[in-house]
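Here is what each chain is made of, one letter per residue.
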Amino acid sequence: MAGETQQLKMSVVIRGLQQFREKYFRKVVNDDSKPLDVREELGFLDGLPVEVQFLILTFLSPADIFCLGATSHYWRALVRDPLLWKYFLLRDMPYWPSINHVTMPKLDAPLINEDERADDRKEGADKGTDSKCNYMTEYLKGFPSCRQQWVPSQSAYEVVSSLFQSLVASAKPRYAMFGPGLEQLEVSLVGRLVHARDILPMADDQHRQTNGIGSGISYMFNNKHQFNILTLYTTNRAERERGRFLQQWSAKNRLFTFEGTDDSGYPIYSPAPQVQQVCQVADGFIYVANAEPGRGEGESEVAQIRAVLSVANGSKPLLVLSCISHEEPEAADPASLQIITHKKRARSRTPCVDIAKRLGLPHLVNPWMVQDTVALSLSGLLDGLSWLLRTSGVRLSGSR
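Residues numbered from 1 in each chain as written. Predicted model: local features only at pLDDT ≥ 70, side-chain atom pairs only at ≥ 80, totals over all residues. Heavy atoms only, no water.

Draft legend 1. Region of the structure containing the overall build of the chain. Tallying secondary structure elements over the chain gives 16 helices and 10 strands in all. Within the chain, the fraction of its 400 residues that count as buried is 49%. Long-range pairs, those at least 24 residues apart, make up 70% of the contacts in the chain with a sequence separation of at least 6. Taken as a whole, the chain presents about 20,100 Å² of accessible surface, with 53% of it coming from carbon and sulfur. (Helix = DSSP H or I, 4+ residues; strand = E, 2+ residues; numbered from the N terminus. Buried < 20%, exposed > 50% of the residue type's maximum accessible area, 1.4 Å probe, protein only. Contact = heavy atoms within 4.5 Å. Areas by Shrake-Rupley, 256 points an atom, 1.4 Å probe, with all protein chains shown as cover.)

Draft legend 2. Representation of helix α8 (residues 134-142). Among the 9 residues of α8, 8 are classified as buried, and the element is accordingly described as predominantly covered. Taken as a whole, α8 has its buried residues at Tyr135, Met136, Thr137, Glu138, Tyr139, Leu140, Lys141 and Gly142. Each element contacted by the buried residues of α8 is listed here: α5 (62-69) and α7 (82-92).

Draft legend 3. Quick look at the environment of Pro97. Note that Pro97 resides in the loop between α7 and β1 (98-100). Residue class for Pro97 comes out partly exposed when judged on its relative accessible area of 29%. As a C-alpha pair, Pro97 and Gly380 span 283 residues in sequence and 8.1 Å in three-dimensional space. Residue contacts for Pro97: discarding those within four places in its chain leaves Pro144, Cys352, Val370, Gln371 and Asp372.

Draft legend 4. Layout of the pattern of salt bridges. By the definition in use, this model includes 5 salt bridges. Its salt-bridge partner being Lys141, residue Glu138 comes within 3.2 Å of it at the nearest N-O pair. Taken together, the residues Glu138 and Lys141, both in helix α8 and 3 residues apart, mark about one turn of the helix. By the burial criterion, Glu138 is buried, and Lys141 matches it. Salt-bridge contacts for Arg358 lead to Glu301; the nearest nitrogen and oxygen are separated by 3.3 Å. With Arg358 in helix α15 (residues 352-358) and Glu301 in helix α14 (residues 299-311), this pair connects stretches of sequence that are 57 residues apart. Taken individually, Arg358 and Glu301 each receive the classification buried, so the pair is uniform in this respect. (Salt bridge = Lys/Arg side-chain N within 4 Å of Asp/Glu carboxyl O.)

Draft legend 5. Examining the side chain of Asp372 more closely. By secondary structure assignment, the location of Asp372 is in strand β10 (residues 368-374). With a relative accessible area of 11%, Asp372 lands in the buried category. Within the structure, Asp372 has its side chain in polar contact with the side chain of Arg349 (distance 3.5 Å). (Polar contact = N/O pair within 3.5 Å; in protein donor to acceptor, adjacent residues only side chain to side chain.)

Draft legend 6. Structural view of the packing of α7 against α8. The contact between α7 and α8 brings their axes to 7 Å, and the two run at 30°. The two elements α7 and α8 cross, and the hand of that crossing is left-handed. Here Pro82, Trp85, Lys86, Phe88, Leu89 and Asp92 of α7 come into contact with α8, specifically with Tyr135, Met136, Glu138, Tyr139 and Leu140. Within the contact of α7 with α8, the residues separate by chemical class into 8 nonpolar, no polar and 3 charged. (Axes fitted to C-alpha atoms, helices over the stretch in contact; angles between N-to-C directions. Left-handed = near helix turned anticlockwise from the far one by under 90°. Nonpolar A, V, L, I, M, F, W, Y, C, P; charged D, E, K, R; others polar.)

Draft legend 7. Fine view of the packing of aromatic side chains. Inspection of the entire model under this criterion finds 18 aromatic pairs. An angle of 40° between the planes, with centres 5.7 Å apart, marks the rings of Phe20 and Tyr24 as tilted. Here Phe20 pairs with Tyr24, and both are found in helix α2 (residues 10-30), just 4 residues apart, close to one helical turn. Neither Phe20 nor Tyr24 differs from the other in exposure class; each is buried. Centroid distance Phe54 to Tyr87: 5.4 Å. Interplanar angle 65°. Geometry classified as edge-to-face. Of this pair, Phe54 sits in helix α4 (residues 50-58) while Tyr87 is found in helix α7, placing the two residues 33 residues apart along the sequence. For the pair Phe54 and Tyr87, a shared accessibility class is recorded, and that class is buried. (Phe/Tyr/Trp six-rings, centres within 6.5 Å; stacked < 30°, edge-to-face > 60°.)

Draft legend 8. How the structure looks around α7. Counted residue by residue, α7 has 11 buried out of 11 residues, so it is predominantly covered. Buried within α7 are the following residues: Pro82, Leu83, Leu84, Trp85, Lys86, Tyr87, Phe88, Leu89, Leu90, Arg91 and Asp92. N-capping of α7 is provided by Asp81, with a side-chain oxygen placed 3.1 Å from the backbone N of Leu83.

Draft legend 9. Highlighting unusual backbone geometry. Phi at Asn223 takes a positive value of approximately 55°, unusual for a residue other than glycine. Tracing the sequence through the fold places Asn223 in the loop between β4 (215-221) and β5 (225-231). Notably, Leu378 is not glycine yet its phi reads approximately 60°, a positive angle. Structurally, the position occupied by Leu378 is in the loop between β10 and α16 (381-391). Of the residues examined, Leu378 reaches a relative accessible area of 3% and is grouped as buried.

Draft legend 10. Region of interest: the packing of α4 against α7. Contact geometry for α4 and α7: axes closest at 12 Å, N-to-C directions at 45°. Comparing their axes, α7 and α4 come out oblique. Viewed along their axes, α4 and α7 form a crossing whose handedness is right-handed. Here Phe54, Leu57 and Thr58 of α4 come into contact with α7, specifically with Leu84, Tyr87, Phe88 and Arg91. (Parallel < 35°, antiparallel > 145°, perpendicular 65-115°, else oblique.)

Draft legend 11. Structural view of the pairing of strand β7 (residues 267-271). Only one face of β7 is buried, namely the one carrying Pro267, Tyr269 and Pro271, since none of Ile268 and Ser270 on the opposite face is buried. As paired elements, strand β6 (residues 256-261) and β7 share 5 bridges and run antiparallel to each other. Each residue of the ladder has a partner; that of Thr257, found in β7, is Ser270. (Pairing = 2+ DSSP bridges.)

Have a look at this one:
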């Protein structure tokens with residue numbers, strides 16, 4: 001992510017805006033078809049140096065930027081500049097607390113020609129249909145406070161399918177939870193879940209063992225919806241405690257068998273028989289990723305996730321908890337997400353968009369979500385579980 005941001009420095013954006021400004025006012029002055037008052041339009045903000053105008057934009061939320069765009073013809077064109085929104089997108093993505101299969105920005109393919117300036121677009125073009133506004137669209141559909149407006153509406157077929165899914169969904173959905181974050185983090189996520197009953201109450205105190213690979217625990221979401229989490233560990237308890245103490249983890253894995261590599265050199269895993277049974281009856285999956293800087297197993301993680309999903313019946317949802325042990329030194333105030341101060345604090349976790357890329361999630365056909373989570377405080381957990389329950393057919397109060 002840092003490398004991508006370096007490719008689009010502030011000076012590049014400012015130079016592009018300067019070219020746009022010169023071209024725009026030269027066009028306005030020489031356009032005899034427009035009234036004189038329009039051709040001579042130049043407000044206080046319009047006359048500021050481009051560097052100052054750009055600085056102002058960097059402190060505004062998307063809603064404020066669009067309000068500024070409504071003040072004049074000049075600002076209306078400027079705030080729709082594609083290079084400007086590409087800068088915002090690369091700058092802000094690392095600080096988004098969650099991302100999913102709908103809101104994940106599509107940056108791998110070229111979206112627009114960066115030489116195309118905002119004034120080349122037709123007046124009145126709709127932001128949802130103008131192909132040259134892709135960077136703005138990608139930003140708005142992923143920015144936390146704007147996402148709901150960009151969730152695609154369901155077709156009649158999807159509405160009926162969702163209704164049938166909710167009718168046939170089990171009264172107590174079951175989710176299989178696995179991943180290196182369960183064993184490698186200093187703070188045990190499962191241990192915190194069991195004892196943090198004020199955050200996620202347990203529906204009962206009975207822990208059901210499944211072939212020695214983990215315990216199934218029932219929880220209550222919003223004190224109303226019951227669901228079960230079956231934890232799948234790759235090691236036993238003694239090995240996990242020893243690994244946390246020594247910061248060394250056993251290479252032995254009780255959940256998967258390494259089958260070799262494919263033609264491209266990628267590893268191939270097959271789930272153990274008891275894991276396959278769990279995957280076939282589960283209503284969804286929770287993958288706990290280690291989001292602490294420098295951690296992550298790359299290709300092995302991708303292969304194991306795909307191995308689990310391949311033996312599951314149907315396209316079941318996957319919730320990825322991008323987990324760290326403790327809060328960041330300077331936790332972001334949720335209200336400050338509108339204006340992000342990137343240089344004031346160091347990022348002490350791998351961004352969720354990078355986690356999604358690391359795990360190959362954009363290539364999955366299953367619905368998925370990555371949610372920043374902290375094991376000690378369980379912050380972010382309820383947001384992730386809310387998505388998982390809704391996606392697997394549970395009709396939560398107030399959900400679509």
